[in-house]
Amino acid sequence: MGNTKYMKKVIGMVGLLAMLTSCNNSDRKEHTKDVLKEEKSSSKEKESAASQNRISKEEAVKLAVKQFEAYLPKILKTYDDGVIDLQDPHVGDFTGDGIDDVAIYWNIAPEGGNALIGQGLSLYKNDGHSVKVIAGYEPDYLFAFDTIKNGKIIVEKLEYTEEDGRCCPSIKTKHALTIKGNKAY
């Protein structure tokens, strides 16, 4: 009979320990959930702060245009009596970092004329805080800017048939540019 009392006490203590351990595990799980929520919230706040500190697309274009205009005299030196005829910025992510970059399509005409004597693209990487020229594209053929899509810059190579007038090439072939070093191909 004394043995039975002892056994009941042991069973009672084991039950109490099990209950306390269970409560402690429950508290630990809740604490872990709270810590994970805080980390997730903190991460979202950091991402939000980083995106709020990013320059806008409009600001990226303004910075790229300013850099382009500073470099333009060097471009014009390669074209006798040439003047800028068109300077058209386009925005899209062509560097694959999730931030929209800037491509400026430009062409050069003779002063007082309307012929096209040069054209190209100046490509600016946007890191979210500033833009920097990374490449240029000046092919030896006529082309038109098409779009920036799926991380690629798409242009149309323009060619003439024997029947085409000088103004209107009818053969248009789409081409995705690849950037290598400071050149696009």
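Everything that follows concerns the structure shown earlier in this document.
Residues numbered from 1 in each chain as written. Predicted model: local features only at pLDDT ≥ 70, side-chain atom pairs only at ≥ 80, totals over all residues. Heavy atoms only, no water.

K.L.:
Any chance you could break down the overall build of the chain for me, citing the residues and the numbers?
P.N.:
Within the chain, the regular secondary structure consists of 2 helices and 9 strands. Taken across its 185 residues, the chain has 26% of its residues classed as buried. Taking the intrachain contacts of the chain between residues at least 6 apart in sequence as the baseline, contacts between residues at least 24 apart amount to 44%. Entry remark: accessible area of the chain is about 12900 Å², with carbon and sulfur atoms responsible for 53%. (Helix = DSSP H or I, 4+ residues; strand = E, 2+ residues; numbered from the N terminus. Buried < 20%, exposed > 50% of the residue type's maximum accessible area, 1.4 Å probe, protein only. Contact = heavy atoms within 4.5 Å. Areas by Shrake-Rupley, 256 points an atom, 1.4 Å probe, with all protein chains shown as cover.)

K.L.:
Please give an account of the pattern of salt bridges that cites residues and values.
P.N.:
Per the stated rule, a full pass over the model turns up 4 salt bridges. With its nearest N and O atoms 4.0 Å apart, the salt bridge here joins Lys174 to Glu156. Of this pair, Lys174 sits in strand β7 (residues 171-176) while Glu156 is found in strand β6 (residues 152-159), placing the two residues 18 residues apart along the sequence. A cluster of three or more residues bridged by salt bridges with shared partners is formed by Asp146, Glu156 and Lys174. (Salt bridge = Lys/Arg side-chain N within 4 Å of Asp/Glu carboxyl O.)

K.L.:
Mind laying out helix α2 (residues 57-77), listing which residues take part and the relevant values?
P.N.:
In this model α2 runs 30 Å from its N-terminal to its C-terminal C-alpha over 21 residues, within 8% of the 30 Å that 1.5 Å per residue would give. The largest bend along α2 reaches roughly 40 degrees and is located at Tyr71, with the proline Pro73 sitting one to four residues downstream. Inspection of α2 places Ala60, Val61, Ala64, Val65, Phe68, Leu72 and Ile75 among the buried residues, and these make up the whole buried set. In this structure, the buried side of α2 is in contact with β1 (82-92), β2 (101-110), β3 (118-126) and β4 (131-137). (Expected span 1.5 Å × (residues − 1). Bend = angle between axes of the 7 residues up to and from the residue.)

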